[in-house]
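Residues per chain, in single letters:
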There are 2 protein chains.
Amino acid sequence: MPDKVEKVKSAEELSRDQREISVSEFFEKNRHLLGYDNKVKALLTVVREAVDNSLDACETARIVPDIKVSVKPAKDIKDRYVISIEDNGPGIVKENVGRVFGKLLFGSKFHKLLQSRGQQGIGISGAVLYAQLTSGKPSKITSSTGDGKTHHMDLMIDTFKNEPEILKEEVKEGKVWHGIRVEMEVEGKYVEHQQSIPEYLRQTAMSNPYAEIIYDGPDEKIKFERSAKNLPQVPKSIKPHPHGVEIGILRRMLKTTDARTLAGFLTTDFSRVGQSSAKEIIRVAKFDENVSPKNIDGPQVEKLFQAIQQVQLIKPPLDCLSPLREKLIEEGLKEQLRPEYVVAITRPPDVYRGNPFEIEVALAYGGELPHESIATLYRFANRVPLMYQAGDCALAKAVSEIEWRRYGLDQASSAALPTGPIAIFVHIASVWVPFTSESKEAIASYPEIIKEVKLALQEAGRKLSIYVNKKKKAGEAAMRISLFEKYIPEVSDALARLSGADKHKIASKLENMLKKGKIVIEDTEESKEDVKQKEDE
Amino acid sequence: MPDKVEKVKSAEELSRDQREISVSEFFEKNRHLLGYDNKVKALLTVVREAVDNSLDACETARIVPDIKVSVKPAKDIKDRYVISIEDNGPGIVKENVGRVFGKLLFGSKFHKLLQSRGQQGIGISGAVLYAQLTSGKPSKITSSTGDGKTHHMDLMIDTFKNEPEILKEEVKEGKVWHGIRVEMEVEGKYVEHQQSIPEYLRQTAMSNPYAEIIYDGPDEKIKFERSAKNLPQVPKSIKPHPHGVEIGILRRMLKTTDARTLAGFLTTDFSRVGQSSAKEIIRVAKFDENVSPKNIDGPQVEKLFQAIQQVQLIKPPLDCLSPLREKLIEEGLKEQLRPEYVVAITRPPDVYRGNPFEIEVALAYGGELPHESIATLYRFANRVPLMYQAGDCALAKAVSEIEWRRYGLDQASSAALPTGPIAIFVHIASVWVPFTSESKEAIASYPEIIKEVKLALQEAGRKLSIYVNKKKKAGEAAMRISLFEKYIPEVSDALARLSGADKHKIASKLENMLKKGKIVIEDTEESKEDVKQKEDE
């Protein structure tokens, strides 16, 4: 035992300090977790949260989105900007405006299993929090649902309570429109660079070609035109799949279900459990199928859980996902990057921790892509461009695990991106994207996700390598032809001496034949199988 | 305008899905944010959260900690472990046990500005959440505050409400003791490796040498002995410093203060504002010093905020910090790593975003450290070892920015760790450690922090380089001596011929002189200034 024990403070004394922390206070102190760790990124994060919401709202209401983004320096104050985002979405009913913008962890997407941009109920209220923290000012919200009434609110978040604090409220009647406008004053620094707001909007236009986005920045005005007319298919909300449900969730579902029997519970509260699967599960678990779910507790939950794992079930339904599809990705990349060749691959859906997801990749090559630099990687999650933290992202990790040399591309070292006129596009669509932080900048490294991205890239790589190889051969052939052309005088001279014919005639004939492709300069070709074989080694 | 607009869903329809998300639900779905992203790490995270709490509680109550950790496989279930942690701390009063363990965002440390291991009020309740999610079972808590009553509770978290759900409760009377015991059954995988539980405990013992930790693992029992007798100084809670307060916080402080006048508010609610500084701030802001803080709102908050920035103030007080100090670090490293040389540096405190912090580093060299490998980096935050996500951590980043070659060490490339028998230790002590996620594994890259770590490492590097250079010289000298020794027969033969003396006598005299160090094999020495100069280039 130690020989010196100081005065012991009592547990009672210590207990006085223990109290609840509101989630607003938590993120106020930890604002870097929401993407507000520096002034440059903060501006982008505010814009991104608002645009994500606008796109989600428009799609859910089946409205083709028109979005206006404005970023202007505030008067007289250094490093302060006024940002506004306006959409033509369905608007928000007056009763919910306060909580959507003024309460963290409030939203419509968290409890649903369907693909959407927002999922946490933190994004836009986090921006309101950042605005009030750094400018001391309320956010100005304007909303109309198309009923001729326009609601204006100035609001802040009461961080102790995590509840909206409405400072001003008014209704104007007359104008019929629907949509939302948000205006915030925030601390920030505006820098044009690779991760800037215009670049984010350009990539957003690439992955959401049915949206029109008008950007009014501090120094420029850009219009991103709509390049597709139709909205993507509506993803449908699904029920959880039994194989993806953790035992603690199963226990809670048993307690809160409306079903009266275990069989009813299994068939109605889950996807992919029919009558016979339910019976099979109940048989394996050795339960009575009419037992009430509410009476299953303690070790019985474990028994049921283990039985579920043992019964084979169809994979989850996939209409909860809305990938971009190969055609749209190819069109988007051609429009934005103007390469000479694009290949896009949409993989069949897979599942991680019970959550369906789908990977799409594309490789763009040549054309107006810069020739002497390292490939550019574009990462997307549920159609949202990911601009930061590539080093921490499963999508980037998978890209770095590809041996690009196998596909005829140059690569400085084995974990490096390829060099040359190449752009790499990776998109994950999922009902629940596992972000590494609340700032939604990088994807957590689930092995299932990394594997799918690699398979997709390998398939795209094989296709690209055929193109690149053909191009190389064509280039080599062209070079041989031009070399042959140079020697036509010597060749025809020699032929003239041998045959006695006129050397000028021979020369012009040879030239004609070359032009018409009648002299073929052959070369061995590395076949597809060859590339395939290398990969499998 | 697009030519196809589908049926518009009304805002009313959409509003039905909007609802509150409890913070427990949020982290249940996002458990990777708390460090539960894989089975191996999950076991460590559970142990770490409980041990952190035990150490914090003991120190606050001035009790020299005795901690017992047990990790045993659960019966009959694969990948399932029973973990228990027991301490001799002050215990928790019965009324608070439920919320400390069964409510996320509840605690005593969040609202205080003083150095502690926990700060978020998420750690241990996050572990309870993980346990119930993956085993479906409650956590078993035992607590006594020394009053002869021992309370037992089986509890879970009601994730919809984020409130404790107490399944069983009992009191036993008679035994007088104080402390807490937690037992949880969790999904996990036990692997002995660099980031394992014993390694975490070994590093914890290194940075908390006044604690005794007994580990009872699946395959081994280890006792980490107490190597220091006294607890570190108690850090004191401080008030916020005006220069670190953001405008939104200032606004809230004005609204909630008990002070009646602005002058009173400034002098009592902040640190480092005396009467004259308060008067100066009020003069610059052009306010009346008797104005009530509650009447300052809107643009006036901005005026006050700007005035505060313009007035010079002393830096925040530093007794809120409790660094390890150089002596303790050196002792700890010598004990654990058995090197031949250690240098430790504790930097003077600095401030980021108003939060005082202090950096300490150490370099251990030679001895039992492995010779042919890359240096090991040990990272600590408020005495807690950081085992994961080094790639994302400001401490590791700063280490990689040092040019170790300048200090006489080998280094494969410029951003690499040095190679050779070296261990690098870095500790950040702060009232608010800016972790990159709730799992508290890596430090966010604030420039102030990176700068301080680099300065400390450079200072340590200079000291180490003197030692390493001396050792090199000594090594070279020894080699020359041994070479000289080899040639003694030839030399004495030659001298004998020249002088006519007996060659055996000459040889034995030469040998004697060498042994007594009278023949000095000289070498030019690279001076301290030389190293210093290189660094400044």
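**Brief notes about the sheet that holds strand β10 (residues 221–224) of chain A**
Residue and element names in this part refer to chain A.
Argument step 1. The eight strands lie next to each other as β7-β6-β5-β8-β3-β2-β9-β10, forming an open sheet whose pairing is mixed. Each end of this open sheet is capped by a strand with a single partner; those strands are β7 (163–173) and β10. Across the sheet, the axes of successive neighbouring strands diverge by a mean angle of 15 degrees, strand direction being ignored.
Argument step 2. Pairing geometry for strand β2 (residues 66–73) and strand β3 (residues 80–87), over seven bridges, is antiparallel. Opposite Lys68, over in β3, you have Glu86 as the bridge partner.

**Let's talk about unusual backbone geometry**
All names here are of chain B.
Argument step 1. Notably, Lys286 is not glycine yet its phi reads approximately 60 degrees, a positive angle.
Argument step 2. Assessed through the 10 C-beta atoms surrounding it within 10 Å, Lys286 is described here as exposed.
Argument step 3. In the Ramachandran plot, Asn382 falls in the positive-phi region, its phi being about 45 degrees despite a non-glycine side chain.
Argument step 4. Tracing the backbone shows Asn382 in the loop between β14 (376–381) and β15 (384–386).

**Digging into the domain arrangement of chain A**
Argument step 1. Domain parsing of chain A yields domain 1 (23–224), domain 2 (242–310), domain 3 (326–464) and domain 4 (487–536).
Argument step 2. Taking the mean C-alpha position of each, domain 1 of chain A and domain 4 of chain A sit 65 Å from one another.

**A few points about the packing of helix α3 (residues 39–60) of chain A against helix α5 (residues 123–135) of chain A**
Residue and element names in this part refer to chain A.
Argument step 1. Relative to each other, α3 and α5 sit at 145 degrees, their axes nearing to 8 Å. You can see that α3 and α5 cross each other, and the crossing is left-handed. Across from Ala42, Val46, Glu49, Ala50, Asp52 and Asn53 in α3, the residues of α5 making contact are Gly123, Ile124, Gly126, Ala127 and Tyr130.
Argument step 2. Split into classes, the residues belonging to the contact of α3 with α5 amount to six nonpolar, three polar and two charged.

**Examining the interface of chain B and chain A**
Argument step 1. Taken together, the contacts link 67 residues of chain B with 67 residues of chain A.
Argument step 2. If you list the elements that add at least two residues to the side of chain B that touches chain A, you get α1 (11–15), α2 (23–29), α4 (94–102), β4 (106–107), α5 (123–135), α7 (247–256) and α10 (299–310) of chain B.
Argument step 3. Residues belonging to the side of chain B that touches chain A are distributed by class as follows: 28 nonpolar, 21 polar and 18 charged.
Argument step 4. The pairing of strand β4 (residues 106–107) of chain A with strand β1 (residues 19–20) of chain B spans two bridges and is classified as antiparallel. Within the sheet, the bridge partner assigned to Gly107(A) lies in β1(B) and is Arg19(B).

**Observations concerning the sheet that holds strand β2 (residues 66–73) of chain B**
Residue and element names in this part refer to chain B.
Argument step 1. Reading across from one edge, β7-β6-β5-β8-β3-β2-β9-β10 is the order of the eight strands in this open sheet, with mixed pairing throughout. With one partner strand each, in any of the chains shown, β7 (163–173) and β10 (221–224) form the two edges of the open sheet. Along the sheet, successive strands turn relative to each other by an average axial angle of 15 degrees, direction set aside.
Argument step 2. α4 rests against β5 (139–145), β6 (149–158) and β7 of the sheet, and its axis sits at about 35 degrees to β6.

**With respect to the nonpolar core**
Argument step 1. The biggest cluster of nonpolar side chains holds 241 residues, and the ones touching the most others in it are Val47(A), Ala362(A), Val47(B) and Ala362(B).
Argument step 2. Not counting residues up to four positions away in its chain, the partners in contact with Ala362(B) are Ile329(B), Glu330(B), Leu333(B), Val342(B), Val343(B), Ala344(B), Phe425(B) and Ala460(B).

**A few points about the pairing of strand β6 (residues 149–158) of chain A**
Residues and elements named next belong to chain A.
Argument step 1. Strand direction decides the pairing type here: strand β5 (residues 139–145) and β6, joined by five bridges, are antiparallel. By the bridge assignment for β6, Thr142 is matched with His152.
Argument step 2. Here β6 pairs with β7 via ten bridges, running antiparallel. Across the sheet, residue Met153 finds its bridge partner in β7, namely Glu169.
Argument step 3. Counted between consecutive antiparallel strands, the loop separating β6 from β7 contains four residues, among which Asn162 sits at a positive phi close to 55 degrees.

**Focus: the confidence of the model for chain A**
The predicted coordinates ought not to be read in detail in places where the model reports low pLDDT.
Residues and elements named next belong to chain A.
Argument step 1. On average, residues of chain A carry a pLDDT of 88, and 94% of them reach 70 or more.
Argument step 2. In the predicted structure, residues 521–537 sits below a pLDDT of 50 and forms 17 contacts with residues beyond four places in sequence or in another chain.
Argument step 3. Two summary scores accompany this predicted model of the complex, namely pTM at 0.84 and ipTM at 0.82.

**Considering the relation of the copies chain B and chain A**
Argument step 1. Overlaying chain B on chain A yields an RMSD of 0.2 Å, the required transformation being a rotation through 180 degrees with an accompanying axial translation of 0.0 Å. Expressed as a symmetry operation, the mapping of one chain copy onto the other fits a two-fold axis. When C-alpha distances to the rotation axis are compared across chain B, the minimum falls at Ser437(B), with a value of 3.3 Å.
Argument step 2. The fraction of interface residues of chain B whose copies in chain A are also interface residues reaches 100%, indicating that both copies meet through the same surface.

**Digging into the environment of Ile402(A)**
Residue and element names in this part refer to chain A.
Argument step 1. Summarising the element assignment, Ile402 is placed in the loop between α12 (394–400) and β16 (410–411).
Argument step 2. Overall, Ile402 belongs to the buried group, with 22 C-beta atoms counted inside 10 Å.
Argument step 3. For the pair Ile402 and Ile141, spaced 261 residues apart in sequence, the C-alpha to C-alpha distance is 47 Å.

**What to know about the pairing of strand β13 (residues 355–365) of chain B**
Residues and elements named next belong to chain B.
Argument step 1. For β13, the tally of buried residues reaches eleven of eleven residues, placing the bulk of the element in the interior.
Argument step 2. Alternating positions in β13 separate into two faces, Asn355, Phe357, Ile359, Val361, Leu363 and Tyr365 on one and Pro356, Glu358, Glu360, Ala362 and Ala364 on the other, with burial throughout.
Argument step 3. As judged from the six bridges shared by strand β11 (residues 341–346) and β13, these two strands associate in the antiparallel manner. Directly across from Ile345, in β13, lies its bridge partner Val361.

**Side note on the packing of α3(A) against helix α6 (residues 197–207) of chain A**
Residues and elements named next belong to chain A.
Argument step 1. Taken N-terminus to C-terminus, the directions of α3 and α6 make an angle of 30 degrees; their axes are 10 Å apart at the nearest point. As far as their axial angle goes, α6 and α3 are roughly parallel. You can see that α3 and α6 cross each other, and the crossing is right-handed. In this structure, α3 contributes Leu43, Leu44, Val47, Arg48 and Val51 to the contact, and α6 contributes Ile197, Tyr200 and Thr204.
Argument step 2. Each residue belonging to the contact of α3 with α6 can be placed in one class, and the counts come to six nonpolar, one polar and one charged.

**Focus on helix α6 (residues 197–207) of chain B**
Argument step 1. α6(B) sits mainly inside the fold: eight of its eleven residues count as buried.
Argument step 2. Within α6(B) the residues assigned to the buried category are Ile197(B), Tyr200(B), Leu201(B), Gln203(B), Thr204(B), Ala205(B), Met206(B) and Ser207(B).

**Comments concerning the environment of Leu167(B)**
All names here are of chain B.
Argument step 1. With respect to the element layout, Leu167 can be found in strand β7.
Argument step 2. Residue classification places Leu167 among the partly exposed positions, given that 15 C-beta atoms sit within 10 Å.
Argument step 3. When near neighbours in sequence (up to four residues on either side) are disregarded, Leu167 contacts Pro138, Asp154, Leu155 and Met156.

The rules behind each value
Residues numbered from 1 in each chain as written. Chains lettered and ligands numbered in written order. Predicted model: local features only at pLDDT ≥ 70, side-chain atom pairs only at ≥ 80, totals over all residues. Pairing = 2+ DSSP bridges. Helix = DSSP H or I, 4+ residues; strand = E, 2+ residues; numbered from the N terminus. Axes fitted to C-alpha atoms, helices over the stretch in contact; angles between N-to-C directions. Buried ≥ 20, exposed ≤ 12 C-beta atoms within 10 Å, placed from the backbone. Domains from an automatic or database assignment. Left-handed = near helix turned anticlockwise from the far one by under 90°. Contact = placed C-beta atoms within 7 Å. Nonpolar A, V, L, I, M, F, W, Y, C, P; charged D, E, K, R; others polar. Core = buried A, V, L, I, M, F, W, Y, C linked by C-beta atoms within 7 Å. pLDDT = per-residue confidence, 0-100. Least-squares fit on C-alpha atoms with pLDDT ≥ 70 in both. Parallel < 35°, antiparallel > 145°, perpendicular 65-115°, else oblique.

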